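Structural characterization, general
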Amino acid sequence: ERTLRAIASFSQFFRDLSYIDLQLLSRAIELASDTMPDVAAQLCESNGQCIDLMDGNLGAFSAYSRAADLHKLSGNLWKTALCTRRLCEIYHAIGKLNEAEDALQAALKLAEDIGHDQERASCLLSLGSRYSRRLNLPGDAERVLIASATFHARINDKLGETNSLRSLGELYTRLDRCEEAEDKLQAAL
């Protein structure tokens, strides 16, 4: 157990440098999968990050998918939501927008279920801005408004609030609500 936890820490340390031995990671994942799903999930997530840095999104998809499943199995719904949102980003990058939105909706549901305000606000912002639909612009603006209020009042995240205000200004522009758009864009500055 200590060895597997050490490999998990090691992999996190080196993932940004892309020096990780993917064979070592793969073997550690095999060893941890049956008895230590939390460690296996962390290893899968690191594996996905390494593959993403080296080979791009497609190779990382299965690693993040497995990590999400293992995080869910070990009861870590916050990490499940994070991996699910990463799957959304991969779907988006390869042009599968419907699948991306479905993954983001799933991450939002998990964030709401566990009461994680930061993740909930991030998902709402993405849903309201990145996946806004021309037919539901008022609903998208409402999502971004909720995200902005959450970033501001509940978690005091200035960057999240600024991004929300900018997105809200852009949505209000598309809704031809120019004065409100200008107010939100000014507030974002």
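Quick summary incoming for the structure in this document. The model shown is predicted, which means the values in this text are computed figures rather than measured ones.

This next bit is on the overall build of the protein. Counting secondary structure elements, the protein contains 10 helices and 0 strands. Mapped from its N terminus to its C terminus, the protein presents α and β elements in the order α-α-α-α-α-α-α-α-α-α. Residues counted as buried form 42% of the 189 residues belonging to the protein. Summing over all exposed atoms, the protein offers an accessible surface of approximately 10,200 Å²; the carbon and sulfur share of this is 50%. Positive and negative side-chain charges of the protein, numbering 22 and 28 respectively, have mean locations separated by a distance of 2 Å.

A word on unusual backbone geometry. Within the chain, Asp176 stands out as a residue other than glycine whose phi angle is a positive 60°. Position of Asp176 relative to the elements: it lies in the loop between helix H9 (158-174) and helix H10 (178-188). The class of Asp176 is exposed, set by a relative accessible area of 62%.

Any two side chains of opposite charge can pair if their charged atoms end up close together. This structure, assessed with the given rule, holds 8 salt bridges. With its nearest N and O atoms 2.6 Å apart, the salt bridge here joins Glu119 to Arg85. Remark: Arg85 occurs in helix H5 (residues 77-93) and Glu119 occurs in helix H7 (residues 117-129); sequence separation between them is 34 residues. The two residues Glu119 and Arg85 agree in class, both being buried.

Now for the nonpolar core. Leu4, Ala32, Val39, Leu43 and Tyr64 are the most contacted members of the largest nonpolar core, which totals 22 residues. If you list the elements that add at least two residues to this core, you get helix H1 (2-15), helix H2 (22-33), helix H3 (37-55), helix H4 (57-73) and H5. Among the elements that make up this core, the one with the highest residue count is H3 (6 residues). If we skip the residues at most four places from it in the chain, Tyr64 touches Glu45, Gly48, Gln49, Asp52, Cys83, Arg86, Leu87 and Ile90. Counting residues in each nonpolar core, the second largest holds 20 residues, with Ala100, Ala121, Leu125 and Phe151 among its members.

Counted by the stated rule, this structure contains 0 disulfides. Here Cys123 stays free of any disulfide, with the sulfur of Cys88 as its closest cysteine sulfur at 7.9 Å. Accessibility expressed as a relative area gives 0% for Cys123, which makes it buried.

Turning our eyes to something else, we now look at the packing of H7 against helix H8 (residues 137-154). One can describe the packing of H7 onto H8 by two numbers: an axis separation of 8 Å at closest approach and a directional angle of 150°. As judged from the angle between their axes, H7 and H8 are roughly antiparallel. Remark: the crossing between H7 and H8 carries left-handed chirality. Here Asp117, Gln118, Arg120, Ala121, Ser122, Leu124, Leu125, Leu127, Gly128 and Ser129 of H7 lie close against H8, whose contacting residues are Asp140, Arg143, Val144, Ile146, Ala147, Thr150, Phe151 and Arg154. Grouping the constituent residues of the contact of H7 with H8 by class yields 8 nonpolar, 5 polar and 5 charged.

All right, on to the side chain of Glu119 then. For Glu119, a relative accessible area of 2% corresponds to the buried category. Apart from residues no more than four positions distant in its own chain, Glu119 is found in contact with Trp78, Ala81, Leu82, Arg85 and Ala111.

Calculation criteria
- Residues numbered from 1 in each chain as written.
- Predicted model: local features only at pLDDT ≥ 70, side-chain atom pairs only at ≥ 80, totals over all residues.
- Heavy atoms only, no water.
- Helix = DSSP H or I, 4+ residues; strand = E, 2+ residues; numbered from the N terminus.
- Buried < 20%, exposed > 50% of the residue type's maximum accessible area, 1.4 Å probe, protein only.
- Areas by Shrake-Rupley, 256 points an atom, 1.4 Å probe, with all protein chains shown as cover.
- Lys, Arg positive; Asp, Glu negative; His and termini not counted.
- Charge placed at Lys NZ, Arg CZ, Asp CG, Glu CD.
- Salt bridge = Lys/Arg side-chain N within 4 Å of Asp/Glu carboxyl O.
- Core = buried A, V, L, I, M, F, W, Y, C linked by side-chain atoms within 4.5 Å.
- Contact = heavy atoms within 4.5 Å.
- Disulfide = S-S within 2.5 Å.
- Axes fitted to C-alpha atoms, helices over the stretch in contact; angles between N-to-C directions.
- Parallel < 35°, antiparallel > 145°, perpendicular 65-115°, else oblique.
- Left-handed = near helix turned anticlockwise from the far one by under 90°.
- Nonpolar A, V, L, I, M, F, W, Y, C, P; charged D, E, K, R; others polar.

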